[in-house]
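Given next are the chains, with one letter for each unit.
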Amino acid sequence: EAQVTQNPRYLITVTGKKLTVTCSQNMNHEYMSWYRQDPGLGLRQIYYSMNVEVTDKGDVPEGYKVSRKEKRNFPLILESPSPNQTSLYFCASSSDRVSSSYEQYFGPGTRLTVT
Amino acid sequence: AQSVTQLDSQVPVFEEAPVELRCNYSSSVSVYLFWYVQYPNQGLQLLLKYLSGSTLVESINGFEAEFNKSQTSFHLRKPSVHISDTAEYFCAVSPNNAGNMLTFGGGTRLMVKP
């Protein structure tokens, strides 16, 4: 089954304690992205990756890091989480091919609470 | 840069009534347009898209949207809603030279009442 998986699904942590949210896709997609969803703001892009070892900042990258060492994985790292990073996080992937119609496939989300 | 405005944050409607969810965008370049749907406690999934060709696009579950270039709009409509359509709907745009680079609107929560 084609899918994007994220772990963990729920996480409560304290300010300053480093954490990693994993994302993996099994569709051989070139493009992967991280978004955060906050009420009334829709989804805002944090980081994206066009392919292995190619990453770039989105609209709200402060406080986050990413890496793309393998095509299927795109972890999101919070080196020193703060309460304003409490949010619902989504990973997404898509193909670069025009024939794909640029449909993005989303993971189930990770709800992060930083106290 | 692109921006997307969804004018209604919540739309309550009775079952079997028609509904329109409004979406306006701003862009200095030509765009692709998308509607994504998020059912409770799930990720987003593509509902329909406009890339080129006919300005009226349809989904498999009865929704349709029309691209209006002069009004920079891409409103979503359904003639008769079901309880199962209760969800949050997101309008999104991307520049047509970078189709993966989505900018989302703030979302509209559709609440269908019996």
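So, how was this worked out
- Residues numbered from 1 in each chain as written.
- Chains lettered and ligands numbered in written order.
- Predicted model: local features only at pLDDT ≥ 70, side-chain atom pairs only at ≥ 80, totals over all residues.
- Heavy atoms only, no water.
- Helix = DSSP H or I, 4+ residues; strand = E, 2+ residues; numbered from the N terminus.
- Buried < 20%, exposed > 50% of the residue type's maximum accessible area, 1.4 Å probe, protein only.
- Contact = heavy atoms within 4.5 Å.
- Areas by Shrake-Rupley, 256 points an atom, 1.4 Å probe, with all protein chains shown as cover.
- Lys, Arg positive; Asp, Glu negative; His and termini not counted.
- Charge placed at Lys NZ, Arg CZ, Asp CG, Glu CD.
- Pairing = 2+ DSSP bridges.
- Salt bridge = Lys/Arg side-chain N within 4 Å of Asp/Glu carboxyl O.
- Core = buried A, V, L, I, M, F, W, Y, C linked by side-chain atoms within 4.5 Å.
- Disulfide = S-S within 2.5 Å.
- Buried area = accessible area lost by both parts, 1.4 Å probe.
- Polar contact = N/O pair within 3.5 Å; in protein donor to acceptor, adjacent residues only side chain to side chain.

(A) Structural detail: the overall build of chain B. When helices and strands are counted, chain B shows 0 helices and 12 strands. Helices and strands appear in chain B in the N-to-C order β-β-β-β-β-β-β-β-β-β-β-β. Along the longest, intermediate and shortest principal axes, the C-alpha atoms of chain B span 45 × 30 × 25 Å. By the burial criterion, 48% of the 114 residues in chain B qualify as buried. Contacts spanning at least 24 positions in sequence make up 58% of the contacts within chain B whose residues lie at least 6 apart. On chain B, roughly 5400 Å² of surface is accessible, and the fraction owed to carbon and sulfur atoms is 48%. Side chains of chain B carry 7 positive and 9 negative charges; the gap between the two charge centres is 6 Å.

(B) Seen up close, the pairing of strand β5 (residues 42–51) of chain A. Residues and elements named next belong to chain A. Within β5, 7 of the 10 residues are buried, leaving the element largely enclosed by the surrounding structure. Relative to β5, strand β4 (residues 31–38) is paired through 7 bridges, and the arrangement is antiparallel. Within β5, the residue paired with W34 across the bridge is Y47. Once β4 ends, the chain turns through 3 residues before running back antiparallel as β5, passing G40 with a positive phi of about 80°. Judged from the 4 bridges that link them, β5 and strand β6 (residues 54–57) form a sheet pairing that is antiparallel. For N51, the partnering residue across the bridge sits in β6 and is V54. Between β5 and β6, which follow one another and run antiparallel, lie 2 residues, and E53 among them has a positive phi close to 65°.

(C) Structural view of the pattern of salt bridges. All names here are of chain A. Applying the stated criterion across every chain yields a total of 9 salt bridges over all chains. Among the salt bridges present, the one from E30 reaches K71, with a minimum N-O distance of 3.9 Å. Of this pair, E30 sits in the loop between β3 (19–25) and β4 while K71 sits in the loop between β7 (65–66) and β8 (76–78), and the two are 41 residues apart along the sequence. By relative accessible area, E30 is classed as buried at 9%. Here D38 makes a salt bridge to R36, at a shortest N to O gap of 2.9 Å.

(D) Seen up close, the nonpolar core. In terms of nonpolar packing, the biggest core is built from 28 residues, with W35, L48, F74, L76 and Y89 of chain B touching the most fellow members. At the level of elements, β2 (10–14), β3 (19–21), β5 (31–38), β6 (44–50), β8 (64–68), β9 (73–78), β10 (87–95) and β12 (108–113) of chain B are the ones that each hand at least two residues to this core. Membership of the second largest hydrophobic core comes to 19 residues, among which are M32, V66, F74 and L112 of chain A.

(E) Layout of the state of the cysteines. Residues and elements named next belong to chain B. In total, this model carries 2 disulfides over all chains according to the counting rule given. Disulfide pairing is shown between C23 and C91; the S-S distance is 2.0 Å. On the sign convention where negative is left-handed, the bridge of C23 and C91, at about -65° about the S-S bond, is left-handed. Of this pair, C23 sits in the loop between β3 and β4 (24–26) while C91 is found in strand β10, placing the two residues 68 residues apart along the sequence. The exposure class assigned to C23 is buried, which follows from its relative accessible area of 0%.

(F) Local environment of the interface of chain B and chain A. Residue-level contacts link 20 residues of chain B with 22 residues of chain A. Carbon and sulfur atoms make up 56% of the surface buried where chain B meets chain A, a total of about 1600 Å² over both sides. Counting the contacts that link chain B with chain A gives 0 salt bridges. The interface formed by chain B and chain A holds 5 residue pairs in polar contact (both at pLDDT 80 or more) in total. Among the elements of the structure, β5, β6 and β10 of chain B are those that each provide at least two residues to the side of chain B that touches chain A. The element best represented in the side of chain B that touches chain A is β5 of chain B, accounting for 4 residues.

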